[in-house]
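Each chain, written out:
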Amino acid sequence: MRKLFFANWKMYLGDDEAEALARSYAEGALSASVDVAVAPGFTALERVARVLAASKVALGAQDAFWKDEGAYTGEVAPKQLAALGVKHVIVGHSERRAMGETDEIVARKAAAVAADGMTPVVCVGELKEEREAGRQEEIVRAQLAAMMAALPSEAPFIVAYEPRWAIGTGTPCSPDDVAKMHACIRGIAGPDAAILYGGSVDPENFRPYLDLPDVGGLLVGGASARPDAVRAFFEAFAS
Ligand code: PEP
């Protein structure tokens, strides 16, 4: 099965830059040995959607609210994202959990995204002190259990193992530890679940992660928004 390269552009790009980078993705994906999806910021979604419309790159979003309409100032409804052609929505990213998102909120968001026909990309992962205390599997199991209890059994989902101490720090989790955690996640999420790794992946270090049999692909933040790194990724992915 083809693996997935999922780009999370976070809040790094202006809309003009996002549109230009989307063109590089569309071109690179033509000869890539991986499937590709990008999650731009909300304001760039429509412009990026137009660029990607006839391409092999799927459109993603970085978050969504758990309701489809109502008095929720500042929130973005799953229904609004689906109407723009979004296929995948990240929920429970560590940068949102750090601002107070609980497992319950993440589970509600995942269910709302699935209800609108999109695939939630559910981020799970432990804090540094939790890993140091040997609690990483316990933490991730609890995060996953909350999400899976909220999702209908037939709903598709993607899990992204993103240890919180590895995000944006330049210190990725070792491939051995990723393999151990992916085996743990697979035991809960099931044999067919797509499980990504994310955390300080770049064009120089990605290969051992992508080659792990249990890793269904990569969720890449910072490097996925840098044109030079994107060129290097697609050179490496060229089949
Ligand atoms: C992310 O934002 O999901 C991520 C993995 O970030 P980075 O690649 O910058 O660590």
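Figured I'd write up the structure that's included with this text. Remember, predicted model here, so these are calculated numbers, not experimental data.

A tally of helices and strands in the protein chain yields 10 helices and eight strands. Scaling as 2.2 N^0.38, a compact globule of 239 residues should have a C-alpha radius of gyration of about 18 Å, and the protein chain matches this with 17 Å. For the C-alpha atoms alone, the extent of the protein chain along its principal axes is close to 45 × 45 × 30 Å. Taking all 239 residues of the protein chain together, the buried fraction comes to 51%. Restricting to contacts in the protein chain with at least 6 residues of sequence separation, those with at least 24 account for 70%. Split by element, the accessible area of the protein chain, about 10,800 Å² in all, is 52% carbon and sulfur. Averaging the coordinates of the 24 positive side-chain charges in the protein chain and doing the same for the 33 negative ones gives two points 1 Å apart.

Further remarks concern the state of the cysteines. Using the criterion set out here, one finds zero disulfides in the structure. This cysteine, Cys123, is not joined by any disulfide, and Cys173 carries the nearest cysteine sulfur, 15 Å off. The class of Cys173 is buried, set by a relative accessible area of 0%.

With parallel pairing, eight strands are arranged side by side around a closed barrel as β1-β2-β3-β4-β5-β6-β7-β8. Each neighbouring strand pair of the sheet contributes to a mean axis angle of 25°, computed without reference to strand direction. Where strand β3 (residues 57–61) meets strand β4 (residues 88–91), two bridges bridge the pair, whose relative direction is parallel. Bridged to Ala61 within β4 is Val89.

As a further point, take the packing of aromatic side chains. Given two aromatic rings, one states the distance between the centres and the angle between the planes to describe the pair. In this structure the tally under the stated criterion is 13 aromatic pairs. Each ring, one from Tyr197 and one from Tyr209, has its centre 4.8 Å from the other, and the planes form 20°; the classification is stacked. Within this pair, whereas Tyr197 is found in strand β7 (residues 194–198), its partner Tyr209 is found in helix α9 (residues 207–210), the two being separated by 12 residues in sequence. Each member of the pair, Tyr197 as well as Tyr209, carries the same accessibility label: buried. Taken together, Phe5, Trp9, Tyr25, Phe206, Phe233, Phe234 and Phe237 form an aromatic cluster joined through their ring pairs.

What follows concerns the pairing of strand β8 (residues 217–220). Side-chain alternation along β8 places Gly217 and Leu219 on one buried face and Leu218 and Val220 on a second face that is also buried. Summarising the sheet, strand β1 (residues 4–8) and β8 pair through four bridges and their orientation is parallel. Each bridged residue has a counterpart across the sheet, and for Ala7 the counterpart in β8 is Val220. For β7 and β8, the ladder comprises three bridges, and the chain directions are parallel. Bridging across to β8, Gly198 finds its partner in Leu219.

This paragraph deals with the nonpolar core. Counting 69 residues, the largest nonpolar core has Trp9, Tyr25 and Ile185 as its most contacted members. At six residues, the largest contribution of residues to this core is made by helix α1 (residues 15–30). Those residues in contact with Tyr25 that lie beyond four places of it in its chain are Phe5, Ala7, Trp9, Val36, Val38, Val57, Ser224, Val230 and Phe234. Core analysis: the next-biggest nonpolar cluster, separate from the first, contains 11 residues, Ala37, Val121, Cys123 and Leu219 among them.

Further remarks concern the site of the ligand. Inspection of the region around the ligand gives 14 residues, with Lys10, His93, Gly168, Ser200 and Gly221 positioned closest. Side-chain polar atom of Lys10 to an oxygen atom of the ligand: 2.9 Å apart, as the coordinates give it. Here the ligand, which alone exposes 290 Å², has 96% of that area covered by the protein. Of the residues that constitute the shell around the ligand, the class distribution is four nonpolar, eight polar and two charged.

Here Lys3 shows up in the segment before β1. This buried residue, Lys3, is left without a salt bridge; Asp211 holds the nearest opposite charge, at 6.0 Å. At 2.8 Å, the side chain of Lys3 forms a polar contact with the backbone oxygen of Leu212. Separated by 2.8 Å, the side chain of Lys3 and the backbone oxygen of Val215 make a polar contact.

What counts, and where the lines are drawn
- Residues numbered from 1 in each chain as written.
- Predicted model: local features only at pLDDT ≥ 70, side-chain atom pairs only at ≥ 80, totals over all residues.
- Heavy atoms only, no water.
- Helix = DSSP H or I, 4+ residues; strand = E, 2+ residues; numbered from the N terminus.
- Rg over C-alpha atoms; globule rule 2.2 N^0.38 Å.
- Buried < 20%, exposed > 50% of the residue type's maximum accessible area, 1.4 Å probe, protein only.
- Contact = heavy atoms within 4.5 Å.
- Areas by Shrake-Rupley, 256 points an atom, 1.4 Å probe, with all protein chains shown as cover.
- Lys, Arg positive; Asp, Glu negative; His and termini not counted.
- Charge placed at Lys NZ, Arg CZ, Asp CG, Glu CD.
- Disulfide = S-S within 2.5 Å.
- Pairing = 2+ DSSP bridges.
- Axes fitted to C-alpha atoms, helices over the stretch in contact; angles between N-to-C directions.
- Phe/Tyr/Trp six-rings, centres within 6.5 Å; stacked < 30°, edge-to-face > 60°.
- Core = buried A, V, L, I, M, F, W, Y, C linked by side-chain atoms within 4.5 Å.
- Near = heavy atom within 4 Å.
- Polar contact = N/O pair within 3.5 Å; in protein donor to acceptor, adjacent residues only side chain to side chain.
- Nonpolar A, V, L, I, M, F, W, Y, C, P; charged D, E, K, R; others polar.
- Salt bridge = Lys/Arg side-chain N within 4 Å of Asp/Glu carboxyl O.

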